[in-house]
Amino acid sequence: MKISDWLNDLTKGLKKAIQESEKRDRDLSDQITNHDDSILDKVKGVIFPSVKVSSNGKTYKVTVDNQGKVQAIQMDGGVPVTSNATIGTLYTDKAIYKPKDALTLTFSASDSGLVTLRVYDMASKVFETDINAKKGNNTFDWTIPDGDYKGYLFEVSAGNSEFIAVNVNNHVEYVPIMGFLGNFGPNIDKDQMNGIVKEMNRFHINYVQFYDWYDRDDTPLRIVDGKPEQNWIDFMKRPTSFNTVKNYIDVVHNYGMQAMFYNLIYGSQLGIPSSDDSNLNWTNPNLTKEMFLYKDKDLKEVAGENDQSFGGKLNITYMNVLNPAWQNYLTDQANVVYQNLPFDGWHVDQLGTLPNETYSSDGVHLNWWEWGDGYGGMLKTAKAKNPDKRLTINNADDIGTEKVMASNTVDFMYVEPWGGIGFSFKQLASYIRNSTQKYWKPMVIPSYVNKEKAETNNQTDGMVNDAAAFLCDAMEMSNGASHLEWGEHYLANEYFPNSNLKLRDSSKTIIMSYLDTFVEFLQILNGKWIDDPVTSSTHQLSTGFDKDKITTVYKRSGFGSIVSLVNMIGIAHDNWQDPQGTQVMPQVQSNIQLTIPVENTPSGVFLIKADESPAPQPINFTQNGNSISITVDKLSVWDLIYIKP
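Residues numbered from 1 in each chain as written. Predicted model: local features only at pLDDT ≥ 70, side-chain atom pairs only at ≥ 80, totals over all residues. Heavy atoms only, no water.

## With respect to the packing of helix 3 (residues 190–202) against helix 4 (residues 242–254)
Under the convention used in this document: Only the stretch in contact is used when fitting a helix axis, every axis being a line fitted to C-alpha atoms; angles between N-to-C directions are given from 0 to 180 degrees. Per the convention used, a helix needs a DSSP run of H or I reaching at least four residues, while a strand needs a run of E reaching at least two, with both numbered from the N terminus. Oblique is the label for every angle not falling under 35 degrees (roughly parallel), over 145 degrees (roughly antiparallel), or within 65 to 115 degrees (roughly perpendicular). Whether a crossing is left-handed or right-handed is set by the direction in which the near helix is turned from the far one by less than a right angle, anticlockwise for left-handed and clockwise for right-handed. Whether two residues are in contact is decided by their heavy atoms: any pair within 4.5 Å suffices. The nonpolar class holds Ala, Val, Leu, Ile, Met, Phe, Trp, Tyr, Cys and Pro. Asp, Glu, Lys and Arg form the charged class, and all remaining residues, Gly among them, are polar.
The N-to-C vectors of helix 3 and helix 4 enclose an angle of 45°; their axes lie 10 Å apart at closest approach. Relative to helix 4, helix 3 is oriented oblique. Along this stretch, helix 3 crosses helix 4, giving a crossing that reads as right-handed. Residues K190, M193, N194, I196 and V197 of helix 3 pack against T244, N247, Y248, V251 and V252 of helix 4. A class-by-class count of the residues in the contact of helix 3 with helix 4 yields six nonpolar, three polar and one charged.

## Here we look at the nonpolar core
Note the cut-off: Throughout this description, the term nonpolar core refers to a set of buried Ala, Val, Leu, Ile, Met, Phe, Trp, Tyr and Cys residues connected via side-chain atoms within 4.5 Å. Buried means the residue's accessible area, taken with a 1.4 Å probe over protein chains only, is under 20% of the maximum for its type, while exposed means over 50%, and partly exposed covers the values in between.
Of all hydrophobic cores here, the largest spans 142 residues; its most connected members are F210, W213, F343 and W346. Ranked by the residues each element gives to this core, the list is headed by helix 10 (residues 466–478), at eight residues. Of all hydrophobic cores here, the second largest spans 23 residues; its members include A85, Y97, V119 and W142.

## Observations concerning the sheet that holds strand 11 (residues 161–168)
Stated precisely, the cut-off is as follows: Paired strands, in this sense, are two strands between which DSSP finds at least two bridges.
Reading across the sheet, the four strands line up as 8-7-10-11 and stay open at both edges, with antiparallel pairing between neighbours. Every other strand in the sheet has two partners, leaving strand 8 (124–133) and strand 11 as the edge strands with one partner each. The average angle at which neighbouring strand axes cross in this sheet is 20°, direction not considered. For strand 7 (residues 113–121) and strand 8, the ladder comprises nine bridges, and the chain directions are antiparallel.

## Considering the pattern of salt bridges
Basically, it comes down to this: Put simply, a salt bridge is a Lys or Arg side-chain nitrogen that is within 4 Å of an Asp or Glu carboxyl oxygen.
Applying the stated rule across the entire model yields 27 salt bridges. Residue R433 pairs with D531 through a salt bridge whose shortest N-O separation is 2.9 Å. Residue R433 is located in helix 8 (residues 425–439), and its partner D531 is located in the loop between strand 26 (528–529) and strand 27 (535–536); the two are separated by 98 residues in the primary sequence. Judged by its relative accessible area of 59%, D531 falls in the exposed class. For D639, the salt bridge is made with K609, and the minimal N-O distance between the two is 2.8 Å. With D639 in strand 36 (residues 638–644) and K609 in strand 32 (residues 604–609), this pair connects stretches of sequence that are 30 residues apart. One exposure class covers both D639 and K609, and it is buried. Through salt bridges that share partners, R118, K125, E128 and E155 make up one connected network.

On their own, these measurements won't tell you what the molecule is for.
In structure tokens form, the structure reads like this:
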């Protein structure tokens, strides 16, 4: 068939499609399937401005996009007619992609009509197309270009604009954003699971911690009569279902996320043989004397804690993490988990410093996280047995970090900050910088905003303090660390199932924007810190998150430079945890004049107002030697200045 003949058939087909669509009030674009595929391949991506069809006095332009989809776009003279529809939240089908992967974007439109889709890479538009959207849900398929370590930004615009960032990396461990699941009861259906994980996906979560999913720390998945147990109660006596755990793993995998099972590195629960409760009365015959820690040198009593005093199923007994028998036993239990559930790895937990009165079976007292390989010994044993499985560990308050990092086994640093690191913004920001520069691994921080308020919900408004959440995120993300804060709910307490505090929908939208911005510019935010001073003739600046000043964080990589501005002016205090929820929003600042040292002449300077959207907006600048001068019109909490090379 000649192309001219095919175009004639196409025109006729489109006329018919338009007439039928108007009769049925449906989408004006239609796929023409009655053609020679080899000819269509030659015209994909080509616009035929001369091919026009008319129906009921309206004129349409024929296009064939890069996916081979034919569209009829209504025209007003030479200009496409754009819809005034409201665009809803954008979603992608995966949390992270690899170069050349297929991506499906989903969005809703309040009405049918033409919408514009644009894709940006580091503030440069790399793709644009018009889409005839239908009322309701719409999808758009896109093939990600070649090129690793990217943060694309999608925009869909009509009556409004909506954005979403896209994380592209061959190595998810380079760009970790962790979330959690903590409820595995038997009555959660797959639709509920998909709804929860879909929202986690919108927060760009690519690692999921399955918190408290297991039966006991020493036997996370019990095998009974050759088969995994199907139902048990967890650490806090909540009903747990094997099928729920398995189905959740499947849903997590559908979104391209890593499923990590949670388990303690040095815990066991010994059981109560005299109990009538089948969840409590079974004992583990495989635990030997040498595996335990003891309260005294005479080994009269094993060491542990009284978890039953606050509702725990059984008390945790401490095990000797340095003991080879315990290392082999616990990593064999991890094998049992992997043989029965398709987890991608093990998220190892520890409880911080153990009591001073803890002794090994040979009567020796040690700092168990520092002696020998520390926690790294267990991790190396686990990695040797399952080299293809991922490992992460909670170095709570920086305990054991050096030995862990020396083991070269973990995907990234995961650090739960407490008093040893410090509760001020300055202390945590300093820790992030110092540790990242020491180990050059990305960092995930489970920092529990409003911890005490979450424990006393009956005396509060039941809401997360917005200012505390925003400020903590801005401090961590501007320094290149991600905040573990989202799962089935906002995470405000170290007991992950605690859902006493809710995040306002408006706040959720802002945090989504923060995370879009974080993903969009991870290539730079994960870069090196620059100490060249940023100055202002109008405002007091700080580099240390000082109260009543604007903090600047200057980062640089081969992709360019970013200066983050975090507004600390007028806040109530400088405690990132804001335990009682008393933080207040910073006072909005205007007309901030800045002078920024640069290496070369920028090709452009862009302002990202993360509190509003992740969209980079070009701003004027003047250059004087090795510095540029700009004016930021308004700062709410977190702005970023992108200096494009």
